[in-house]
Amino acid sequence: QGKVTKFGKPFIALIAKYAAENDIETNVDVVIKSAVSKSNKKIDIIKLVDRKLDLMEIAEQLNLGMDELLVEVENILFSGTKLNIAYYIEILDEERQDDLYDYWRNSETESIEDAITELGDEYSEEEIRLMRIKFIAEVAM
């Protein structure tokens with residue numbers, strides 16, 4: 001703390017001077033507005049899922065389509081944050097859940113498109129995606 005107090009201001013002033021002289025962008029110069037709103041949206045999704053709110057209600061509250069919400073949930077999982085949507089998946093009967101879960105367990109790819117091609121006649125895209133999310137949350141993370 002003593003060094004910060006003694007040398008902090010001159011050191012920061014020297015860095016600012018160097019950045020200005022060499023035309024270097026600093027964090028002060030860079031503004032990313034979309035990151036904040038996306039971050040807030042992700043935080044809202046995490047909170048609402050933790051409260052076990054219906055995914056359709058979450059989508060409505062955040063002014064998203066169900067497809068957009070599922071993409072956001074997938075991105076949250078891929079960023080390393082755990083989400084438990086098992087409460088919502090209970091809308092599928094147990095046999096359908098097991099079949100889709102087994103599909104993802106044995107699949108050589110994580111591709112939604114491949115799954116839809118293989119399973120599309122028996123399952124909706126939403127069911128396929130929901131079970132993929134559950135699988136990733138439980139097994140892959």
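Above: the structure in question.
A quick note: this is a predicted structure, and the numbers were derived from the prediction, not measured. (Residues numbered from 1 in each chain as written. Predicted model: local features only at pLDDT ≥ 70, side-chain atom pairs only at ≥ 80, totals over all residues. Heavy atoms only, no water.)

Q: Could you give me a rundown of the overall build of the protein, with the residues and numbers involved?
A: A tally of regular secondary structure across the protein gives 8 helices and 0 strands. Ordered by position from the N terminus, the helices and strands of the protein form the series α-α-α-α-α-α-α-α. Across the 141 residues that make up the protein, the buried fraction comes to 32%. Taken as a whole, the protein presents about 9800 Å² of accessible surface, with 51% of it coming from carbon and sulfur. (Helix = DSSP H or I, 4+ residues; strand = E, 2+ residues; numbered from the N terminus. Buried < 20%, exposed > 50% of the residue type's maximum accessible area, 1.4 Å probe, protein only. Areas by Shrake-Rupley, 256 points an atom, 1.4 Å probe, with all protein chains shown as cover.)

Q: Account for the packing of aromatic side chains, naming residues and giving values.
A: Aromatic rings considered in pairs are described by the distance between their centres and by the relative angle of their planes. Within the structure shown, the criterion is met by 2 aromatic pairs. Considering the side-chain rings of Tyr 101 and Phe 135, the 5.4 Å spacing of their centres and the 75° angle between planes classify their relative orientation as edge-to-face. Note that Tyr 101 is positioned in helix H6 (residues 94-106) and Phe 135 in helix H8 (residues 125-140), a separation of 34 residues in sequence. The exposure classification of Tyr 101 matches that of Phe 135, with both residues buried. Pairing Tyr 103 with Trp 104 gives two aromatic rings, centres 5.0 Å apart and planes at 80°, and the pair type is edge-to-face. (Phe/Tyr/Trp six-rings, centres within 6.5 Å; stacked < 30°, edge-to-face > 60°.)

Q: Describe H6, and please don't skip the residues or the numbers.
A: A rise of 1.5 Å per residue sets the reference length of H6, with its 13 residues, at 18 Å; its end C-alpha atoms lie 18 Å apart and thus fit the reference within 8%. By the burial criterion, the buried members of H6 are Gln 97, Leu 100, Tyr 101, Tyr 103 and Trp 104. Each buried residue of H6 sits inside an arc of 155° when the element is viewed along its axis, so together they form one side. When the buried face of H6 is taken as reference, the exposed residues oriented beyond 90 degrees from it are Glu 94, Glu 95 and Asn 106. With a side-chain oxygen positioned 3.1 Å from the backbone nitrogen of Glu 95, the residue opening H6 is Asp 93. (Expected span 1.5 Å × (residues − 1). Arc of directions from axis to C-beta. Polar contact = N/O pair within 3.5 Å; in protein donor to acceptor, adjacent residues only side chain to side chain.)

Q: Break down unusual backbone geometry for me, with residues and values.
A: Unusually for a residue other than glycine, Asp 23 sits at a positive phi of about 50°. As for its position among the elements, Asp 23 is in the loop between helix H1 (2-21) and helix H2 (33-50). Of the residues examined, Asp 23 reaches a relative accessible area of 74% and is grouped as exposed.

Q: Can you break down the pattern of salt bridges residue by residue, with the values?
A: In this structure the tally under the stated criterion is 7 salt bridges. Between Glu 21 and Lys 17 there is a salt bridge; the shortest N-O distance is 3.9 Å. In this pair, Glu 21 and Lys 17 are both assigned in helix H1, 4 residues apart and thus about one turn of the helix distant. Judged by relative accessible area, Glu 21 falls into the exposed class, the value being 57%. (Salt bridge = Lys/Arg side-chain N within 4 Å of Asp/Glu carboxyl O.)

Q: Outline a negative patch on the surface, supporting the account with residue identities and numerical values.
A: Negative charge collects at one region of the surface, where Glu 90, Asp 93, Glu 94, Glu 95, Asp 98, Asp 99, Asp 121 and Glu 122 lie side by side. According to the relative accessible area criterion, Glu 122 is exposed, its value standing at 55%. (Patch = residues over 30% accessible without salt bridge, like charges linked within 9 Å, V, L, I, M, F, W, Y side chains within 5 Å. Lys, Arg positive; Asp, Glu negative; His and termini not counted. Charge placed at Lys NZ, Arg CZ, Asp CG, Glu CD.)

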